[in-house]
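Chain and residue survey
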Amino acid sequence: MRMIALMATLLLFLPLSAQHQHVHGHTHERPIHFPDTDRYRTIVSDFHMHSVFSDGSVWPDIRVQEALKDSVDAIALTEHLEYQPHREDLPHPDRNRAHNLAERYARPYDLMVIRGAEITRNMPPGHANAIFIQDANKLRVEDAMGAFEEANLQGGFTFWNHPNWYAQVKDGVARLTDFHRELIDRKLLHGIEVVNDLTISEEALRIALDHDLTIMGTSDVHGLVDWQYEIAEGGHRPVTLVLASARSPEAIKEALFAGRTVAWFENTLVGKRENLLPLVKASLQVEGAAYIGPSAVIEISIHNDSDAEYLLDNVSGYSLQSDLGLIRLHPNATTTFSVMTGEQIPEFELRFRVLNAIIAPGTRLELTLPINVR
Ligand SMILES: [Zn+2]
Ligand SMILES: [Zn+2]
């Protein structure tokens, strides 16, 4: 953090032209920003959060205001159905209440509030969210399987929450139980949190890929987003980027069932290759590619229209002159770097491993960028 402050101070004293030589743009704005892909709208969603209507610390209007500040497009208040620690102070018989209030607060704004609830059981099955349901109260049934059946009867999308939570699995390793296998076999469970709050789980990603569950990333925030994710210091809440055919609840629901998501956690994107590749491609645009005079050194400028600082491991076979194999494409900015191609070539390809784009445990996204010299 101290290093960053020093660099920021130095930048203030550099002439504008020097600042703009390698990077220009704005990097530390609060709204979460990713571009649409060539086929889909990129919807920023957070479908796991709490208010005082279960064990959270805030009234539902705060969740709405936080979402507006973060430019989140869609949220769900997912109160614990079976865990009501504020019941003495806030007696409320209706498990839809938090949603109904949030929905009302959000009405003047362009924010979608999706009805949801957290099925809160011991392991197995542990905790799961049901969103796009009709009536949370009807999910309060004796046996856990019955809660999933009811959520599905209501047309809901369900996902396994924090399968790596140490309070429910001591070693923090997400593992399927027979109960989860039955849920998956009966198509009663549709997604899994690979990212929850401050944690990410490789084993949950493995389960998602092996069983074709939708990859989810959520905040599960109980206190304030600003404090939990250090927004003032440049942090952001974890979200699920949903690749939807339109910016509507129906389209989001369709995309979730179809598995078109990418989780955004710290500076890491996690998703199935078919979703992550178009998102990364949409983020990056080659703005300039010109050889320096008659030399065989080419300067390439790439604009990164996203909040991710892409870390590119160069596997092109061409060396970089400005770095030793690693390129950082700064968020919401243009980065210029130089490549040695041996001789001037009118068009060629740069190939990268995107180190912060994960498509499977231990596997980074591979990206090819065609370069046309102009
Ligand atoms: Zn939970
Ligand atoms: Zn929760």
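Everything below is about the structure printed above this text.
The structure contained in this document is the topic of the report that follows.

The rules we used
- Residues numbered from 1 in each chain as written.
- Chains lettered and ligands numbered in written order.
- Predicted model: local features only at pLDDT ≥ 70, side-chain atom pairs only at ≥ 80, totals over all residues.
- Heavy atoms only, no water.
- Donors = N, O, S within 2.8 Å, 3.2 Å for Na, K, Ca; no water.
- Tetrahedral: all angles 85-135°; square planar, octahedral: opposite > 155°, others 65-115°.
- Buried < 20%, exposed > 50% of the residue type's maximum accessible area, 1.4 Å probe, protein only.
- Helix = DSSP H or I, 4+ residues; strand = E, 2+ residues; numbered from the N terminus.
- Contact = heavy atoms within 4.5 Å.
- Core = buried A, V, L, I, M, F, W, Y, C linked by side-chain atoms within 4.5 Å.
- Phe/Tyr/Trp six-rings, centres within 6.5 Å; stacked < 30°, edge-to-face > 60°.

**Regarding the coordination of the zinc ion (ligand 2)**
On the protein side, the zinc ion (ligand 2) has His48 (NE2), His50 (NE2), Glu118 (OE) and Asp220 (OD) as donor atoms, found 2.1 to 2.4 Å from it. Around the zinc ion (ligand 2) sit four donor atoms; with metal-centred angles ranging over 78 to 162°, the donor geometry is irregular. If you list the donors of the zinc ion (ligand 2) from N- to C-terminus, the spacing comes out as H-x1-H-x67-E-x101-D. Here the zinc ion (ligand 2) and the zinc ion (ligand 1) are spaced 3.4 Å apart, with Glu118 acting as a shared donor.

**Details of helix H5 (residues 144-153)**
Among the 10 residues in H5, seven count as buried, and that is most of the element. Taken together, the buried positions of H5 are occupied by Ala144, Met145, Gly146, Ala147, Phe148, Glu150 and Ala151. Contacts made by the buried residues of H5 are with strand S5 (116-120), strand S6 (127-131), strand S7 (157-160) and helix H6 (178-185).

**A short note on the nonpolar core**
Leu269, Ile300 and Tyr310 are the most contacted members of the largest nonpolar core, which totals 55 residues. Among the elements that make up this core, the one with the highest residue count is strand S20 (residues 347-360) (six residues). Apart from the residues within four sequence positions on either side, Ile300 is in contact with Val286, Gly288, Ala289, Thr335, Thr336, Phe337, Val339, Phe348, Leu350 and Ile371. If you look at the next biggest cluster of nonpolar residues, it comprises 34 residues, including Ile119, Met145, Ala151 and Val270.

**With respect to the packing of aromatic side chains**
One pass over the structure, following the stated rule, counts six aromatic pairs. Seen from their ring centres, Phe157 and Phe159 are 6.1 Å apart, and the 45° between their planes marks the pair as tilted. Grouping residues by exposure puts Phe157 and Phe159 together as buried. Relative to Phe348, the ring of Tyr318 has its centre 5.2 Å away and its plane inclined at 70°; by these criteria the two rings are edge-to-face.

**Considering the coordination of the zinc ion (ligand 1)**
In this structure, Glu118 (OE), His127 (ND1) and His162 (NE2) serve as the protein donors to the zinc ion (ligand 1), at separations of 2.0 to 2.2 Å. Along the chain, the residues that donate to the zinc ion (ligand 1) are spaced as E-x8-H-x34-H. The exposure class of His162 is buried, given its relative accessible area of 6%.

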